[in-house]
Amino acid sequence: DSYEGDMFVLGIGIRANTGFLEDDGIEKSRGILVNQYLETSVEGVFAAGDVAEFQDTVLGIRHISGHIENAQQQGKTAGANMTGAREKYERVTGYDTEIFGDMLMFVGAPENADSRLVREADGTPSASFSLKDGRITGGLLVKPGGKDIRAFKDLVSRKDVDFGSHEKELCDPDVPLSEIVKKIDNNESPYG
């Protein structure tokens, strides 16, 4: 593959430190395997944050989401479950970073895709949507506002929507993401 662009950023990633758990019976893969309650294969033992390879109930996949928002929210859920709450971890994950003064927000699992759509104006992208089998699995927002982030997470949480029929409005920067959410809720198209 070849790519054209003005700038490329490479994220190397991390490797979960699970070596100290060699003989404890806890199942591991890329991280410590946990169920939707963040419980490991050993009853009563929980894991959360960067080391937890969790069953994502929103996306229906198992993955690691290594960033602070996920660690904080998983920690709350795991802590509640340690006291007997039995709460499922059901959140659309996301994290932001700043590169050369521009805020980027990654949502969901953008790597879990078979196609991508780009929202841009005058050749400048403002969003990228990752889709798998017509469903938005994640993506990227460039310089987003809070309303855009909430709407993007809402779109990712829609398990029953085939976004193939919404490609035009997803790519149109003049259609607010919140308007797409509203129109989907009303079974309408932003284009009438």
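Remember, predicted model here, so these are calculated numbers, not experimental data.

Colleague: With reference to specific residues and values, describe the overall build of the protein chain.
Modeller: On a plain count of helices and strands, the protein chain comes out with four helices and eight strands. Starting at the N terminus, the α and β elements of the protein chain follow one another as β-β-β-α-β-β-β-β-β-α-α-α. Taking the principal axes of the C-alpha coordinates as reference, the protein chain spans close to 55 × 40 × 30 Å. Scored against the burial criterion, the 192 residues of the protein chain give a buried share of 41%. Of the contacts formed within the protein chain by residues at least 6 apart in sequence, a portion of 44% connects residues at least 24 apart. Put simply, the protein chain shows about 11200 Å² of open surface, and 46% of that area lies on carbon and sulfur atoms. Positive and negative charge centroids in the protein chain, built from 21 and 34 side chains respectively, lie 4 Å apart.

Colleague: Tell me about the pairing of strand β2 (residues 52-56), and name the residues and values.
Modeller: By the criterion of burial, β2 is predominantly enclosed, with four of the five residues buried. Pairing analysis gives three bridges linking strand β1 (residues 32-34) to β2, with the strands arranged parallel. Looking at the pairing, Ile-32 lines up with Ala-52 of β2. Where β2 meets strand β3 (residues 61-63), three bridges bridge the pair, whose relative direction is antiparallel. Bridging across to β3, Gln-55 finds its partner in Arg-62. The antiparallel pairing of β2 with β3 creates a hairpin that spans four residues between the two strands, and Gly-60 there sits at a positive phi of about 75°.

Colleague: Give me the lowdown on the pattern of salt bridges, citing residues and values where you can.
Modeller: Per the counting criterion, the structure on display carries nine salt bridges. Among the salt bridges present, the one from Arg-91 reaches Glu-69, with a minimum N-O distance of 3.4 Å. In this pair, Arg-91 is assigned in the loop between α1 (68-82) and β4 (94-99) and Glu-69 in helix α1, connecting sequence segments 22 residues apart. For Glu-69, a relative accessible area of 21% gives the class partly exposed. With its nearest N and O atoms 3.7 Å apart, the salt bridge here joins Glu-179 to Lys-183. One end of the pair, Glu-179, and the other, Lys-183, are both in helix α4 (residues 177-185), four residues apart, so they sit about a helical turn from each other.

Colleague: Break down the environment of Asp-148 for me, citing the residues and quoting the values.
Modeller: Checked against the element boundaries, Asp-148 lands in helix α2 (residues 146-157). Residue classification places Asp-148 among the partly exposed positions, given a relative accessible area of 30%. Distance in space between the C-alpha atoms of Asp-148 and Glu-111 is 20 Å, their sequence separation being 37 residues. Among all residues touching Asp-148, those that are not within four sequence positions of it are Leu-141 and Leu-177.

Colleague: Break down the sheet that holds β2 for me, with residues and values.
Modeller: The three strands lie next to each other as β1-β2-β3, forming an open sheet whose pairing is mixed. Unpaired on one side and paired on the other, β1 and β3 mark the two borders of the sheet. Ignoring which end each strand starts from, the neighbouring axes of this sheet average 20° apart.

Colleague: Help me get a handle on the packing of α2 against α4, residues and values and all.
Modeller: Where α2 meets α4, the closest approach of the two axes is 8 Å, and the angle between their N-to-C directions is 40°. Looking at the two axes, α2 sits oblique to α4. The hand of the α2/α4 crossing is left-handed. Together, Lys-147, Asp-148, Ala-151, Phe-152, Asp-154 and Leu-155 of α2 and Leu-177, Ser-178, Ile-180, Val-181 and Ile-184 of α4 make up the contact between the two elements. When the residues that make up the contact of α2 with α4 are grouped by side-chain class, the tally is seven nonpolar, one polar and three charged.

So, how was this worked out
- Residues numbered from 1 in each chain as written.
- Predicted model: local features only at pLDDT ≥ 70, side-chain atom pairs only at ≥ 80, totals over all residues.
- Heavy atoms only, no water.
- Helix = DSSP H or I, 4+ residues; strand = E, 2+ residues; numbered from the N terminus.
- Buried < 20%, exposed > 50% of the residue type's maximum accessible area, 1.4 Å probe, protein only.
- Contact = heavy atoms within 4.5 Å.
- Areas by Shrake-Rupley, 256 points an atom, 1.4 Å probe, with all protein chains shown as cover.
- Lys, Arg positive; Asp, Glu negative; His and termini not counted.
- Charge placed at Lys NZ, Arg CZ, Asp CG, Glu CD.
- Pairing = 2+ DSSP bridges.
- Salt bridge = Lys/Arg side-chain N within 4 Å of Asp/Glu carboxyl O.
- Axes fitted to C-alpha atoms, helices over the stretch in contact; angles between N-to-C directions.
- Parallel < 35°, antiparallel > 145°, perpendicular 65-115°, else oblique.
- Left-handed = near helix turned anticlockwise from the far one by under 90°.
- Nonpolar A, V, L, I, M, F, W, Y, C, P; charged D, E, K, R; others polar.

Shape is all these values report; function is a separate question.
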